[in-house]
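A closer look at the structure
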Amino acid sequence: MSISYSPTTLCANRLFTATVSNTGAGNVSWNINGAGYSGQTSGSSVKGKFNDTGSADITVTSESGGCRSYLYRKKAALISGPKASFTTPVPFYCATPDTVQFTNTSVLGPSTTWRWTLWDSTGSIVNVATGKDFQYITNSINKYSARLIASSSNGCIDTIYQKNIVVGGSIDTELVYNPAPTCPFQKVTFSSRLGPGT
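Please read all numbers here as calculations on a predicted model, not as lab measurements.

In spatial order, the strands read β2-β8-β7-β4; together these 4 strands make up an open sheet with mixed pairing. The two strands at the open ends of the sheet, each matched to only one other strand, are β2 (10-11) and β4 (27-33). Of the strand pairs in this sheet, strand β7 (residues 54-64) and strand β8 (residues 67-80) are connected by 10 bridges, and their pairing is antiparallel. When the sheet's bridge partners are listed, Ser64 is paired in β8 with Cys67.

Per the stated rule, a full pass over the model turns up 11 aromatic pairs. Pairing Trp116 with Phe134 gives two aromatic rings, centres 5.6 Å apart and planes at 25°, and the pair type is stacked. Pair noted here: Trp116 is in strand β12 (residues 113-119) and Phe134 is in strand β14 (residues 134-138), with a separation of 18 residues, a long-range link. Through a chain of ring-to-ring contacts, three or more aromatic side chains come together here, namely Tyr5, Phe16, Tyr37 and Phe50.

What follows is about the sheet that holds strand β11 (residues 98-104). Read across the sheet, 3 strands follow the order β9-β11-β14 without closing on themselves; strand pairing throughout is antiparallel. With one partner strand each, in any of the chains shown, β9 (86-87) and β14 form the two edges of the open sheet. Of the pairings in the sheet, the one linking β9 to β11 comprises 2 bridges and is antiparallel in character. For Thr87, the partnering residue across the bridge sits in β11 and is Thr103.

One pass over the structure, following the stated rule, counts 2 salt bridges. Two residues, Asp57 and Lys74, come together in a salt bridge whose shortest N-O distance is 4.0 Å. Taken together, the residues Asp57 in strand β7 and Lys74 in strand β8 connect sequence positions 17 residues apart. Lys74 gets classed as exposed once you look at its relative accessible area, which sits at 58%.

So, on to the environment of Val166. Checked against the element boundaries, Val166 lands in strand β16 (residues 157-167). Taking the C-alpha atoms as reference, Val166 lies 9.9 Å from Asp120; in sequence the two are 46 residues apart.

In terms of nonpolar packing, the biggest core is built from 19 residues, with Trp30, Ile32, Phe50, Ala77 and Ile79 touching the most fellow members. Looking at this core, the elements that each hand over two or more residues are β3 (16-20), β4, β6 (45-50), β7 and β8. Contacts of Ala77, omitting those with residues within four sequence positions, involve Tyr5, Leu10, Phe50, Gly54, Ser55, Ala56 and Ile58. By size, the runner-up hydrophobic cluster in this structure holds 15 residues, among which are Val100, Trp116, Leu118 and Ile165.

A few words now on the state of the cysteines. For the structure on display, the rule yields 1 disulfide. Covalently, Cys11 is tied to Cys156 through a disulfide, its sulfur atoms 1.9 Å apart. With the S-S dihedral at roughly -75°, the linkage between Cys11 and Cys156 falls on the left-handed side. With Cys11 in strand β2 and Cys156 in the loop between β15 (142-151) and β16, this pair connects stretches of sequence that are 145 residues apart. According to the relative accessible area criterion, Cys156 is buried, its value standing at 1%.

Let us now look at the environment of Ala129. Within the secondary structure, Ala129 is located in strand β13 (residues 125-129). Between the C-alpha atoms of Ala129 and Leu118, which are 11 residues apart in sequence, the distance is 8.9 Å. Look past the residues within four positions of Ala129 in its chain and what remains in contact with it is Trp114, Arg115, Trp116 and Phe134.

What counts, and where the lines are drawn
Residues numbered from 1 in each chain as written. Predicted model: local features only at pLDDT ≥ 70, side-chain atom pairs only at ≥ 80, totals over all residues. Heavy atoms only, no water. Pairing = 2+ DSSP bridges. Helix = DSSP H or I, 4+ residues; strand = E, 2+ residues; numbered from the N terminus. Phe/Tyr/Trp six-rings, centres within 6.5 Å; stacked < 30°, edge-to-face > 60°. Salt bridge = Lys/Arg side-chain N within 4 Å of Asp/Glu carboxyl O. Buried < 20%, exposed > 50% of the residue type's maximum accessible area, 1.4 Å probe, protein only. Core = buried A, V, L, I, M, F, W, Y, C linked by side-chain atoms within 4.5 Å. Contact = heavy atoms within 4.5 Å. Disulfide = S-S within 2.5 Å.

Have a look at this one:
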């Protein structure tokens with residue numbers, strides 16, 4: 001038995017088909033362990049995807065006519081990047097104008113390139129950039145959505161999208177005490193509750 005893949009380059013978050021040959025007419029089951037595999041686990045061909053980069057060990061079991069055969073391959077699948085990800089320091093920015101900083105935390109692939117797109121709350125594109133990291137100076141209160149597309153020379157492409165990045169407004173504060181109401185000489189716990197204003 002041998003295993004082949006289509007497409008031949010395995011990418012994080014991209015669907016692929018794995019096929020095992022010479023299994024006969026019996027039942028075939030797969031155990032794919034590693035790189036966050038999700039998908040089918042039975043049949044001579046299985047479809048699925050890997051959610052992470054790295055490698056996966058594969059065991060294929062074939063049963064036919066009361067006989068059982070195995071194929072085990074360590075690191076049988078090698079999954080390439082990129083795997084796109086980014087962070088923002090906080091989900092809520094108070095002042096305007098303010099600089100919203102997006103930090104690229106992607107797992108790289110070979111010769112990775114980047115494309116950032118930023119939308120405002122109306123769905124209008126307000127900025128496009130191609131650097132590894134990205135920042136945008138906003139002058140008004142708004143909610144933004146950001147997308148990062150990471151592409152590599154091996155043909156692998158991955159996308160991440162984040163919504164509701166709030167810029168501008170106020171912070172509402174509320175003082176909470178417990179128990180309420182209180183009695184003389186009773187222990188009271190004070191706490192605050194914060195949230196973005198409207």
